[in-house]
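Architecture at a glance
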Protein chains: 4
Amino acid sequence: MRFFSDNAAAAHPAVIEAIAASNRLDTAYDGDEWSQRLDRAFSDLFETEVRALWVSTGTAANCLALAALCPPYGAIICHKDSHIENDEAGAPGFYTHGAKLMLVDGPGAKVAPDAVEAAVSRIRKDVHQAQPKTLSITNATEYGLAYSAAEVGALGEAAKRHRLGFHMDGARFANAIVSTGASPADVTWRAGVDALSFGFAKNGGLNAEALILFRTDLAEEVAVRRKRAGHLLSKGRMLAAQILAMLDNDLWLQNGRSANAAAQTIGKAAGDRLVYPVEANEIFVRVSAEEAASLRAKGFDFYDWAPGEIRLVTSWDQSGEPVERLAAAIAAL
Amino acid sequence: MRFFSDNAAAAHPAVIEAIAASNRLDTAYDGDEWSQRLDRAFSDLFETEVRALWVSTGTAANCLALAALCPPYGAIICHKDSHIENDEAGAPGFYTHGAKLMLVDGPGAKVAPDAVEAAVSRIRKDVHQAQPKTLSITNATEYGLAYSAAEVGALGEAAKRHRLGFHMDGARFANAIVSTGASPADVTWRAGVDALSFGFAKNGGLNAEALILFRTDLAEEVAVRRKRAGHLLSKGRMLAAQILAMLDNDLWLQNGRSANAAAQTIGKAAGDRLVYPVEANEIFVRVSAEEAASLRAKGFDFYDWAPGEIRLVTSWDQSGEPVERLAAAIAAL
Amino acid sequence: MRFFSDNAAAAHPAVIEAIAASNRLDTAYDGDEWSQRLDRAFSDLFETEVRALWVSTGTAANCLALAALCPPYGAIICHKDSHIENDEAGAPGFYTHGAKLMLVDGPGAKVAPDAVEAAVSRIRKDVHQAQPKTLSITNATEYGLAYSAAEVGALGEAAKRHRLGFHMDGARFANAIVSTGASPADVTWRAGVDALSFGFAKNGGLNAEALILFRTDLAEEVAVRRKRAGHLLSKGRMLAAQILAMLDNDLWLQNGRSANAAAQTIGKAAGDRLVYPVEANEIFVRVSAEEAASLRAKGFDFYDWAPGEIRLVTSWDQSGEPVERLAAAIAAL
Amino acid sequence: MRFFSDNAAAAHPAVIEAIAASNRLDTAYDGDEWSQRLDRAFSDLFETEVRALWVSTGTAANCLALAALCPPYGAIICHKDSHIENDEAGAPGFYTHGAKLMLVDGPGAKVAPDAVEAAVSRIRKDVHQAQPKTLSITNATEYGLAYSAAEVGALGEAAKRHRLGFHMDGARFANAIVSTGASPADVTWRAGVDALSFGFAKNGGLNAEALILFRTDLAEEVAVRRKRAGHLLSKGRMLAAQILAMLDNDLWLQNGRSANAAAQTIGKAAGDRLVYPVEANEIFVRVSAEEAASLRAKGFDFYDWAPGEIRLVTSWDQSGEPVERLAAAIAAL
């Protein structure tokens, strides 16, 4: 029973069906009928005019956004435990042509407004230091915490005050939205977010993510950068179709709810062992090496996050017995 | 009836089935069972040990290869009508961090050894000029010509003489192989090729291409560059499965044969109107504007390549009646 | 007697004196009194408010300007024989992060408006091709021709029409100005030029060039890029002092006049052998290999430009007897 | 009396004389007689065959070395207070095409071997994280500490163990050498250093630094990168002549001794107020805001480094009365 990563889960059957259904002759690249429906679909979802571009990976979505929001000679404020810092092999440096990541700390991989202020004020306003130009946060965070709309709004204020572009890595956006109950609009553009990496691949999609541009003036440039990065699929309809299937009947929310519910079940069983509150679909649990081994012996697979700490991730398709069994196993430690 | 581009065609049903069949929990990225089989499958096909990496687009395959073969301060010799020069939005400049494309000319978008020699000898051996470090050719070419193994071998000799890396853009590799009857090995590594972009998306694949490294020492670096470019899908098995389906029972050759046969039918009808001999699945035909309009009026779609010249491209799934009708329409002009 | 290049000549004594005179404690970088005077001095010279930054080389001046005027995914229209294409080791690709040079042809290395139009119209307006964003010309050209204000103005119109930034490489700006008699303002910003690399090193300076920004809004970014490229000298006063010495009493024009006069003397002697009219300080002469050898035997040094063609370059400090002797030697061929 | 930075000091008269003396026609770029003598001069100094290239700034020297030692997708281990991290406007990101700086901590801006080990071991050996490829240290450090040969050697061992290139930023190399009495060879290549930025501009030079390559195989590539960065002066003899003048009669050591002696005088007066031991030419002193103001009122200029802490820097030309007066003023606080 694999609680290693939501990355590895199967895609939802509706997604596979959508790919199959879109497999017919149409215009290449993003001129097809599925791709053409994305702007409208996301504009409806976000209650404002947006531009939406499909890409195949979250790294591509994140880095295309960052490249559009930060010049090569600028810096991007982000959490020291963020995905863009730790898990993208320097892709932000590649896409932005060398911009710096300016790391801040904060509990649960959350960025707080005063951390942004401190980062900005540490930098001399001269040509000798890379100046902060962009803020990037992850929602839900790498430790499974969800930002409230008010929290994002406070960051958006800080960003505006210092003329920073504002990017949200939403690899687990569904889990965050389900967790807080905030509307997609409230937690993004109404809070000052310029661009959102809207993740589907961890939530039942196969290989489709949507890059949502609330600053629609960036769309032309981002479309060029996407092509230049080799991310303009000739049969892009297969990505668009996946995304539309996920939006259809709120499948993305339904999947997020399943994963979050499973995480709650496990989190409750973990009780005082929890390192962070469980707000999305990740559970960090304090266990000894022996305890970890005993869980593995029972057939559970997971990530050793740090000494004495394991990470469990639930997926959209995990519920019922395996989850209950894991919860029981943890409770029994 | 669309003869616009092989890009836009549907994927082969076996490919869609393979994606569906691979849609189950497995290790993320390229640790899954399908991805793990690629090296073996292509090593068998090429009769030597190779490393094979999936990517989503031909641009990514080309540019990852070029970045591994050419330093940022070097130059890449290629045809002025090549895809990397004209149709990748400057992606080679992005991936190589600014290397130059050093353009040569030649009939049918073919690069000849003496063109390589001339390009090399034009450059002073000093620090003021970007030095050629890599040669890139397309097979079949942008005008539908296929290189013989001997022709590639002569280029490989030139490359070796001048210490150039040697890359082959095989977006239409199947069509080329079918055309010449050469073995995949003879037309690539035995002829000096270091890296091949082995295309599937134009030949019945959905969004999978294979980057074949005959210089296996490059594999580690290329794998890092792939991740850094955002091209490491979390569910990479969906790409590997497509490729394996294409290799299975030589589906890639079968599809290439279909497309080439259709092109032959049309090419024969075009007769003296042909701009280039038809060796793969592209047909360039001299027609007046009125003639082009009359073909369109009959329901045929294609690309106006140049004044008085149209491009027709056949796909793996085009045969029988529509092709016959197009041939007849052209013959009747 | 060296007619190889104006690069190699000695600096004017006034320049060396200015360096020595500026050699005292002052604020570092460009906070010193000399650097602070540059904006004013060049604003007076150009009859408009400009921002002027010193750099050590023409390559740096050119490429900082191009990086500010062209995004990484854009293209720069320039002559195929331009310095940025042929003699800067791919520096434009480095500074712009991979922008393409889009080459045009034209007699005497001059770019004509219709060549710009043709280059622009050749490019499809889609994401598959790098879009032209900047025009760069050299004045005087690599073959020693000077643009009239009207010629530059026509190019400026074309640039405006297609929203291209407009850069002038003025490595031999003094020679051009002396040649046409145009005012510096007329041949630059009044004609639509956004940025000028104002060369001094070939005209009596030691290692100082001025990057003149007519678009003063670019100055902040360019200052950052200069630092980031390692071109912000800690004792920048030594560059500023050189430049001010060159502007003082129009030394730059006086030096340009000397070099041009010497070139005229030689050019007249060459008569029908001239490949291009002599308008600045370069003379291209058709000579046989034997004739070239006979000139060298007489002690003259120069560049073999092409088969049957030599390049002679005069410097600010070349006049009188050696020039007369060279003229006589050529006339006697 | 300015104790703000050694950057701002005047150049030594011998340096200005050397520039003037080299101001005559010679071969351009680095073909002149002065430039040609550098390899020999530094090979003698370092007791091994080295390649030495002049550049105009320390940032250029550092970043050319880093670009040669670290691929774009790698990481460079350095101190969080290093110049390359804090004071070069992201130039390492520019020159390396986006490599990461991997920051370590340590007292006095010194990097210790166990900090290198910890940094390396923190990184998973997979494609998701940028892998450390280079180590860069500063000697003397940003806080004026000098590494012993043994300390550098231990770092060199760590670098070798993890296959890291090893770069030393020697902006204040003279002060470090004078401080420890180590031989230039012992503290560099014998200790495993691959490339040294040998600074002169802070030590009596005007605008010349030497990049010393102990790995001579890198020289060809670095020479190309220097040109590509716009750092190949056409009259490079003016840089080479400065450097030769500094080497002549050990002027560099003599200047370093003067600056260090002045720093000792001040350091002794500061006594318990010292933040770090004074080993080179920088003195960090704990003073209250009022005390800082009183020093300024007496005519001393310096940098407010941190709350309650000032930085004083002595230059090669500071000795005698001003230094004694500053020492007395600090002692009297």
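Residues numbered from 1 in each chain as written. Chains lettered and ligands numbered in written order. Predicted model: local features only at pLDDT ≥ 70, side-chain atom pairs only at ≥ 80, totals over all residues. Heavy atoms only, no water.

What follows covers the interface of chain D and chain A. Chain D puts 15 residues into the contact, and the matching count from chain A is 15 residues. Counting the surface lost from both chain D and chain A, the interface buries some 1,200 Å², and carbon and sulfur atoms represent 35% of this. For the pair chain D and chain A, the interface holds four salt bridges. Our enumeration of links across chain D and chain A arrives at 10 residue pairs in polar contact (both at pLDDT 80 or more). Listed by contribution, the elements that provide at least two residues to the side of chain D that touches chain A are α5 (83-86) and β3 (100-104) of chain D. Tallied by class, the residues present in the side of chain D that touches chain A amount to five nonpolar, five polar and five charged. (Contact = heavy atoms within 4.5 Å. Buried area = accessible area lost by both parts, 1.4 Å probe. Salt bridge = Lys/Arg side-chain N within 4 Å of Asp/Glu carboxyl O. Polar contact = N/O pair within 3.5 Å; in protein donor to acceptor, adjacent residues only side chain to side chain. Helix = DSSP H or I, 4+ residues; strand = E, 2+ residues; numbered from the N terminus. Nonpolar A, V, L, I, M, F, W, Y, C, P; charged D, E, K, R; others polar.)

What follows deals with the nonpolar core. Counting 125 residues, the largest nonpolar core has F42(C), F198(C), W252(C) and F42(D) as the members making the most contacts within it. Setting aside chain neighbours within four positions, we find W252(C) in contact with L45(C), F173(C), A174(C), I177(C), P184(C), F198(C), F200(C), N203(C), M246(C) and L247(C). Core analysis: the next-biggest nonpolar cluster, separate from the first, contains 124 residues, A11(A), M102(A), A182(A) and F166(B) among them. (Core = buried A, V, L, I, M, F, W, Y, C linked by side-chain atoms within 4.5 Å. Buried < 20%, exposed > 50% of the residue type's maximum accessible area, 1.4 Å probe, protein only.)

Another aspect to go through is the interface of chain C and chain D. For interface size, the figure often reported is the accessible area lost on association. Counting from both sides, the interface comprises 45 residues of chain C and, opposite them, 45 residues of chain D. A combined buried area of about 3,700 Å² lies between chain C and chain D, and 59% of that area is made up of carbon and sulfur atoms. For chain C, the biggest contributors to the area lost against chain D are F94(C), R228(C) and K235(C); these three give 20% of the whole. Summed over the shared surface of chain C and chain D, the number is zero salt bridges. Our count for the contact surface shared by chain C and chain D stands at 29 residue pairs in polar contact (both at pLDDT 80 or more). Those elements that place two or more of their residues in the side of chain C that touches chain D are α1 (13-21), α4 (58-69), α6 (91-95), α10 (219-228) and α11 (237-247) of chain C. Looking at the side of chain C that touches chain D, the element that brings in the most residues is α6(C), giving four residues. Tallied by class, residues from the side of chain C that touches chain D come to 21 nonpolar, 14 polar and 10 charged.

Glancing now at the relation of the copies chain D and chain A. Superposing chain D onto chain A takes a rotation of 180° plus a shift of 0.0 Å along the axis, which leaves an RMSD of 0.0 Å. Each copy turns onto its partner about a two-fold axis. Taking C-alpha positions as reference, the residue of chain D nearest the rotation axis is G98(D), located at 2.0 Å. Most of the interface of chain D is mirrored in chain A, where 100% of its interface residues again form contacts. (Least-squares fit on C-alpha atoms with pLDDT ≥ 70 in both.)

Right, let's get into the sheet that holds strand β9 (residues 303-306) of chain B. Residues and elements named next belong to chain B. Here three strands make up an open sheet; going across it, the order is β8-β10-β9 and the pairing antiparallel. Both outer strands of the open sheet, β8 (282-286) and β9, are each paired with one neighbouring strand and no more. If you compare each strand with its neighbour and ignore which way they point, the axes differ by 35° on average. Pairing between β8 and strand β10 (residues 309-313): five bridges, direction antiparallel. Its bridge partner being in β10, I283 is matched across the sheet by L312. (Pairing = 2+ DSSP bridges. Axes fitted to C-alpha atoms, helices over the stretch in contact; angles between N-to-C directions.)

Attention now moves to the sheet that holds strand β5 (residues 165-170) of chain C. Residue and element names in this part refer to chain C. With mixed pairing, the seven strands of this open sheet are ordered in space as β1-β7-β6-β5-β4-β2-β3. At either margin of the open sheet sits one strand with a lone partner, and together these are β1 (51-55) and β3 (100-104). The average undirected angle you get between the axes of adjacent strands in this sheet is 25°. Pairing analysis gives five bridges linking strand β4 (residues 131-138) to β5, with the strands arranged parallel. Paired with T134 across the two strands is G165, which belongs to β5. Set on the sheet, α4 makes contact with β1, β2 (74-79), β4, β5, β6 (195-199) and β7 (209-213); between it and β5 the angle comes to about 175°.

Residues and elements named next belong to chain B. Scanning the entire structure with this criterion turns up 78 aromatic pairs over all chains. The interplanar angle of 55° and the centroid separation of 6.4 Å between the aromatic rings of F42 and F200 together place this pair among those described as tilted. Taken as a pair, F42 in helix α3 (residues 38-46) and F200 in the loop between β6 (195-199) and β7 (209-213) lie far apart in primary sequence, 158 residues in all. F200 gets classed as buried once you look at its relative accessible area, which sits at 0%. (Phe/Tyr/Trp six-rings, centres within 6.5 Å; stacked < 30°, edge-to-face > 60°.)

Looking now at the pattern of salt bridges. Between side chains of opposite charge, a pair can form as their charged atoms come close. Under the counting rule described, the total for this entry stands at 88 salt bridges over all chains. A salt bridge links K100(A) to E85(D); the nearest nitrogen and oxygen atoms lie 2.8 Å apart. Taken together, the residues K100(A) in strand β3 (residues 100-104) and E85(D) in helix α5 connect one chain to another. Each of the two residues, K100(A) as well as E85(D), counts as buried. Look at the salt bridges and you will find they share partners, linking D6(A), R172(A), E282(A) and R311(A) into a network.

What follows concerns the side chain of Q131(D). Residues and elements named next belong to chain D. Mapping Q131 onto the fold places it in strand β4 (residues 131-138). Using a relative accessible area of 16% as the deciding quantity, one classes Q131 as buried. Here the side chain of Q131 touches R124 through a polar contact of 2.8 Å, landing on its backbone oxygen. With residues up to four places along the chain from it excluded, the contact list for Q131 reads Y73, G74, A75, I123, R124, K125 and D126.

A word on the packing of α3(B) against helix α11 (residues 237-247) of chain B. All names here are of chain B. Two numbers describe how α3 lies on α11: the axes approach to 11 Å, and their chain directions differ by 30°. Taken together, the axes of α3 and α11 lie roughly parallel to each other. Along this stretch, α3 crosses α11, giving a crossing that reads as left-handed. Here α3 contributes L38, A41, F42 and L45 to the contact with α11, which in turn contributes A240, I243, L244 and L247. Along the lines of polarity and charge, the residues of the contact of α3 with α11 split into eight nonpolar, no polar and no charged. (Parallel < 35°, antiparallel > 145°, perpendicular 65-115°, else oblique. Left-handed = near helix turned anticlockwise from the far one by under 90°.)

A few words on the pairing of strand β2 (residues 74-79) of chain B. All names here are of chain B. Most of β2 sits inside the fold, with six of its six residues counted as buried. Burial along β2 is two-sided: G74, I76 and C78 facing one way and A75, I77 and H79 facing the other are all buried. Examined bridge by bridge, β2 and strand β4 (residues 131-138) share four bridges and lie parallel to one another. Pairing of I76 across the sheet is with T134, part of β4. Bridging between β2 and strand β3 (residues 100-104) involves five bridges; their strand directions are parallel. Looking across to β3, one finds that A75 is bridged to K100.

Another aspect to go through is helix α12 (residues 251-270) of chain D. Every α-helical turn comprises 3.6 residues, leaving residues that sit three or four positions apart pointing alike. Between the first and last C-alpha of α12(D) there are 29 Å, a value that for 20 residues agrees with the 28 Å anticipated at 1.5 Å per step. Those residues of α12(D) that sit buried are L251(D), W252(D), L253(D), N255(D), G256(D), A259(D), N260(D), A262(D), A263(D), I266(D), G267(D) and A270(D). (Expected span 1.5 Å × (residues − 1).)

Per-chain confidence: chain A averages 97 in pLDDT, with 100% of residues scoring 70 or above. Scoring of the predicted complex yields 0.97 for pTM and 0.97 for ipTM. (pLDDT = per-residue confidence, 0-100.)

With an RMSD of 0.0 Å, chain C superimposes on chain D once it is rotated by 180° and translated 0.0 Å along the axis. Comparing interface residues between copies, 100% of those in chain C also lie at the interface in chain D; the contact surface is shared.

This brings us to the pairing of strand β9 (residues 303-306) of chain D. Residue and element names in this part refer to chain D. Of the strand pairs in this sheet, β9 and strand β10 (residues 309-313) are connected by three bridges, and their pairing is antiparallel. Across the sheet, the residue bridging to D304 is I310, located in β10. Taken together, β9 and the strand that follows it, β10, pair antiparallel across an intervening segment of two residues, in which G308 is found at a positive phi of about 75°.

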